[in-house]
Structures are given as structure tokens and as C-alpha cells.
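Residue strings, one per chain:
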Amino acid sequence: MIVTGTQFAATAEKSSNGMSSTPPIYANDWDIPCNETSDADKLCRQPVVSVIVFTYNHEKYIAKAIESMVMQETDFEYEILLTEDCSQDRTRDICFEYQKRFPDRIRVLWAERNLNGFNFRRVRIRCRGKYIAYCDGDDYWTDPKKLQKQVAYMEAHPGCAGCFHERVRCDANGNIIPGSELPQTMKRQLHFGDLAVWTFPTPPTCTVMWRAQVLKDRPEWMNSMPYGDDCNARWGSYAHGSVDWVEGVRPSFYRTHPGGVWTQRSGTKQFEGVYRIDCGVLEHFHVAASIRRKMLRNWAKKMFGLKLYYQTHPWSEEDQQLWKEMHRDAGRRGWAYRLAYRMAVAGHVLHMTGGKAKNGILTCLRAVVPPRGRRYLRRLFGCLPQEEQP
């Protein structure tokens with residue numbers, strides 16, 4: 001069964017590594033376990049920006065991340081909320097050490113058990129800033145004026161919900177992965193239609209800054225979703241305004257390593273999280289028919305791509321079953337998915353046969369698809385030739 005925002009339910013079960021993949025449901029954000037270590041006498045009184053840092057088992061990287069935040073040069077006060085999720089290494093101890101060194105800026109939020117997705121809910125209600133920036137504990141910033149530049153942009157553009165800047169990927173040792181910059185076509189003002197249909201990647205967590213209200217009034221159904229940055233981008237662009245590119249900020253570094261939360265998931269499970277968010281968007285937002293069709297077509301391309309990939313890579317029975325459930329569910333949601341998936345299959349057959357089957361397939365398609373549908377298919381897939389002029 002594919003779970004969406006309205007269907008999601010969870011029970012408390014811990015795995016052997018101490019993490020709970022399905023923590024209990026908390027009806028109220030203030031009920032979520034949260035201890036705070038901070039110095040109320042020294043802490044800044046009116047921070048303009050709250051920086052949220054989600055960290056779990058980041059012993060090797062967390063110091064680099066915190067150093068990149070405390071080096072920020074601003075003409076306003078800001079706070080750093082280190083949200084430590086019951087790590088099994090020295091991450092928590094390192095967070096405490098930095099809190100003692102920078103008591104005017106750092107607050108450490110921690111609990112006695114792993115909270116997974118509830119980290120966001122327990123930290124958002126404790127943010128005091130007008131704006132909220134993010135950085136995961138294994139990523140880091142490189143521009144000492146990052147916060148200053150983004151706040152200046154947000155102040156000058158009240159119609160935007162958030163803003164983002166350049167990001168590059170690096171390996172576990174900090175070596176830049178060539179060609180990992182954001183697409184050039186993404187470096188502009190983005191709207192809901194851009195983000196909902198995955199025209200571009202979601203603005204990376206380590207680069208974004210949101211207006212606090214965007215996150216504080218985020219719909220309840222999104223609280224059960226796995227990828228907070230994707231939810232924020234969709235909700236912000238849907239209800240609060242555009243998500244804008246900011247020029248002139250040095251890139252933040254997104255670290256790719258085997259211990260990363262994202263990289264530990266299989267490709268099928270990565271897409272399942274995205275699929276759940278998309279289903280929630282279709283259920284709860286008023287989505288234009290054209291955007292809905294594009295979303296379903298993108299699902300089809302991704303699903304067929306996964307199936308092709310796992311023809312030559314190990315595919316667990318659990319992931320195969322998950323793929324089948326998503327495929328059936330997506331097929332029930334609209335003809336655009338069914339058609340796009342079949343066309344992806346047909347395109348692959350043409351490619352694999354070197355074009356030998358092309359004439360026969362195209363003849364069949366021309367026979368069963370009306371002229372308007374043929375134009376639609378050409379625009380989508382480029383697989384039908386133009387009809388000859390009479």
C-alpha cells in the first residue's frame with residue numbers, strides 16, 4: 001500500500017542500530033521529546049535568522065559544519081540550533097563543546113531516543129528568527145557573508161517565499177565532484193509549476209533560506225513526509241511566493257558519503273519518498289490539469305528508469321514489491337501515467353532493436369491514435385514523425 005499524507009500511520013519500533021524508522025505519532029509539536037542545552041543569560045535576544053542543523057552520526061563532519069556557521073559576518077544577530085538525533089558516536093559531545101564556546105549563538109536540542117522526521121517539528125516551533133536557514137551536519141558553507149547576502153535579498157523582495165544559491169557536491173574527504181553544480185537553467189526565479197513537476201532539482205538544503213512563516217504554517221499532512229526540503233519548496237512556492245536564485249554567494253558543499261541518510265536508501269526507496277509527497281500535493285493542493293499531467297509523466301519516466309537500472313543491478317524483493325505498488329497506484333491516478341509508461345517501453349524497444357521494429361510500431365500508433373493525440377505524443381517523446389502534407 002502506498003502511503004500519502006492522509007494515510008500515513010506509524011508505530012514505535014526500533015531497529016538493531018537504535019534508529020526508529022517509524023516513531024510514534026505526536027499530536028502536538030510540544031509533546032515531542034526535546035531537551036535543550038543553552039545559556040539563556042548569554043543567548044542573543046532577537047535573532048534575525050535561525051539556522052537549523054540536523055545531525056546524526058556526523059562525528060567526522062559536524063565540526064566543519066559548525067565552523068562554517070559561526071564564521072558568518074553579519075550586522076544582525078543569529079542563532080544556531082543543533083538538532084542532534086541521538087547519535088551513536090561523539091556527535092552530541094562535539095555539539096556540547098561548541099555550545100560552550102559560542103553560548104551567544106548556539107542552542108543544542110537533543111532527546112533520549114531517535115526521532116527521525118519529528119526533528120523538524122520539534123525545532124521549527126523553537127526558532128525565533130524572522131528567517132530560517134538550513135545546513136545538515138555533514139555539509140558546510142564557504143561564504144562568510146552567506147546569511148548577510150540572503151537576508152538582504154529577502155528584505156528587498158518581499159514577494160519571495162525563500163531563496164537559494166550555488167551548491168557543489170563533494171566526497172567524504174571534501175574533494176569536489178566535477179560537474180556537480182546546479183543546472184544553469186535553474187538559476188532564476190522558480191514557481192510552483194517548476195518545482196512540482198521536477199523540472200529542476202529541489203533547491204539544496206544547505207543553500208536555502210525561508211521566511212519563518214513558510215515553515216511554521218506548513219500543512220499537517222506534510223509532517224509525515226520523509227523529505228522536508230521538498231515539502232518546504234512545494235508549500236512555499238504554492239502558498240507564499242516564488243523561490244529565487246541569489247547571485248554572488250559562494251557555493252555550499254553537499255557531502256556525498258556512504259553514511260549519508262540519502263545515500264543509504266535504495267533508488268526505489270528514494271523515489272518512494274518523492275512519490276508520497278507528490279501524491280499528497282495532488283490530494284491537498286489545487287493543481288492545474290497541465291501540471292498534474294506533467295507530474296504523472298515524470299513518474300512514468302522515473303519508474304521505467306528504475307526498472308531498467310535494476311535489470312543489471314541487485315533488486316531486493318522488498319523494493320520490487322514497493323515498485324509494483326507504486327506502479328499500480330500511479331496507473332490508477334491518471335491516463336497520462338499509463339500512456340507515458342507505455343511510450344517509454346516502446347522507445348526502449350526501438351532503441352534496443354536498432355530501429356528494426358520502428359516502422360511497424362509507428363504504423364500501429366498512427367492507426368490507433370487520433371491526430372490531436374499524435375501531436376501530443378510527438379511533443380512528449382519525439383517518437384512519431386510529422387504527417388505528410390496532403
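Quick note: structure is the one above.
Note that the structure is a prediction, hence the values are computed from the model and not measured.

**Student:** When you look at the sheet that holds strand β6 (residues 106–110) in this model, what are you seeing that I'm missing?
**Tutor:** The strands that make up a sheet pair up through hydrogen bonds in the backbone, lying either parallel or antiparallel. Taken in spatial order, the eight strands line up as β3-β6-β5-β4-β7-β10-β8-β11 in an open sheet, and their pairing is mixed. Each of the sheet's edge strands pairs with one partner strand only, and the pair in question is β3 (35–37) and β11 (242–245). Sheet twist, expressed as the mean angle between neighbouring strand axes with direction ignored, is 25°. With four bridges connecting them, strand β8 (residues 160–164) and β11 associate as parallel partners.

**Student:** Sorry, what's going on with the environment of Met209 here?
**Tutor:** Tracing the chain through its elements places Met209 in strand β10 (residues 209–211). Taking the relative accessible area as the measure of exposure, Met209 reaches 0% and is therefore buried. Taking the C-alpha atoms as reference, Met209 lies 9.5 Å from His165; in sequence the two are 44 residues apart. Apart from residues lying up to four places away in sequence, Met209 is in contact with Val49, Tyr131, Ile132, Ala133, Leu147, Gln150, Val151, Met154, Ala161, Gly162 and Cys163.

**Student:** What am I meant to see in the environment of Gly174 here?
**Tutor:** Position of Gly174 among the secondary structure elements: in the loop between β9 (167–170) and α5 (192–196). Residue Gly174 is classed as partly exposed on the basis of its relative accessible area of 22%. Along the primary structure Gly174 and Asp139 are separated by 35 residues, whereas in three dimensions their C-alpha atoms are 9.6 Å apart. When residues no more than four places from it in sequence are discounted, the contact partners of Gly174 are Tyr140, Phe253 and Arg255.

**Student:** How should helix α4 (residues 146–156) be read in this particular structure?
**Tutor:** Those residues of α4 lying buried are Lys146, Leu147, Gln150, Val151, Tyr153 and Met154. What you see down the axis of α4 is that its buried residues fit within an arc of 160°, all on one side. Among the structural elements, β4 (49–55), β5 (78–84), β7 (131–134), β8, β10 and β11 are those in contact with the buried residues of α4.

**Student:** So what exactly am I meant to see when it comes to the nonpolar core here?
**Tutor:** The tendency in soluble globular proteins is for nonpolar side chains to be buried as a group. Residues Tyr134, Phe164, Trp210, Phe271, Trp299 and Tyr337 are the most contacted members of the largest nonpolar core, which totals 58 residues. For this core, the leading source of residues is helix α9 (residues 289–309), giving eight residues. Apart from residues lying up to four places away in sequence, Tyr337 is in contact with Leu296, Trp299, Ala300, Met303, His327, Ala330 and Gly331. Of all hydrophobic cores here, the second largest spans 33 residues; its members include Tyr78, Val151, Cys206 and Met209.

**Student:** So what exactly am I meant to see when it comes to the packing of helix α1 (residues 62–70) against helix α2 (residues 91–101) here?
**Tutor:** For the pair α1 and α2, interaxial distance at closest approach is 10 Å and the crossing angle is 25°. Of the possible angle classes, the one that applies to α1 and α2 is roughly parallel. Of the two elements, α1 crosses α2, and the hand of that crossing is right-handed. Facing α1, whose interface residues are Ile62, Ala63, Ile66 and Glu67, α2 presents Ile94, Cys95, Tyr98 and Arg101. Considering only residue class, the contact of α1 with α2 consists of six nonpolar, no polar and two charged.

**Student:** Would you mind going over the environment of Ser38 with me for this structure?
**Tutor:** Considering the arrangement of structural elements, one finds Ser38 in the loop between β3 and β4. Considering only alpha carbons, one finds Ser38 and Ile106, 68 residues apart in sequence, at a separation of 6.9 Å. Ignoring any residue separated from it by four or fewer positions in sequence, one finds Ser38 in contact with Gln99, Ile106 and Arg107. Separated by 2.9 Å, the side chains of Ser38 and Glu36 make a polar contact.

Reading guide: rules and limits
- For every chain, the first residue of its written sequence is number 1, and the numbers climb from 1 along that sequence.
- Residue-level local features of this predicted model are given only where pLDDT is at least 70; pairs of side-chain atoms are given and counted only at 80 or more, and the full residue set underlies all totals for whole chains, interfaces and linings.
- Each side-chain value is worked out from all heavy atoms of the structure, with water and hydrogens disregarded.
- At least two DSSP bridges between two strands are required for those strands to pair.
- The secondary structure listing takes helices from DSSP runs of H or I that are at least 4 residues long and strands from runs of E that are at least 2 residues long, numbered from the N terminus.
- Fitted lines through C-alpha atoms give the axes, limited to the stretch in contact for helices. The angle between two N-to-C directions lies from 0 to 180 degrees.
- Categorising residues by exposure relies on relative accessible area from a 1.4 Å probe, with only protein chains included: less than 20% of the type maximum marks a residue as buried, more than 50% marks it as exposed, and the intermediate range marks it as partly exposed.
- Here, two residues are considered to be in contact whenever any of their heavy atoms come within 4.5 Å of each other.
- By arc we mean the arc of the directions from the helix axis to the C-beta atoms, nothing more.
- Residues belong to a common nonpolar core when they are buried Ala, Val, Leu, Ile, Met, Phe, Trp, Tyr or Cys residues joined through side-chain atoms within 4.5 Å.
- The scheme is simple: roughly parallel for angles under 35 degrees, roughly antiparallel for over 145, roughly perpendicular for 65 to 115, oblique for anything else.
- In this scheme the handedness of a crossing depends on how the near helix is turned from the far one: anticlockwise by less than a right angle means left-handed, clockwise means right-handed.
- Any residue outside Ala, Val, Leu, Ile, Met, Phe, Trp, Tyr, Cys, Pro, Asp, Glu, Lys and Arg is labelled polar, Gly included; the first ten of those are nonpolar and the last four are charged.
- Two N or O atoms count as a polar contact when they lie within 3.5 Å, although within protein this holds only if one can serve as hydrogen donor and the other as acceptor, and sequence-adjacent residues are included solely when both atoms are side-chain atoms.

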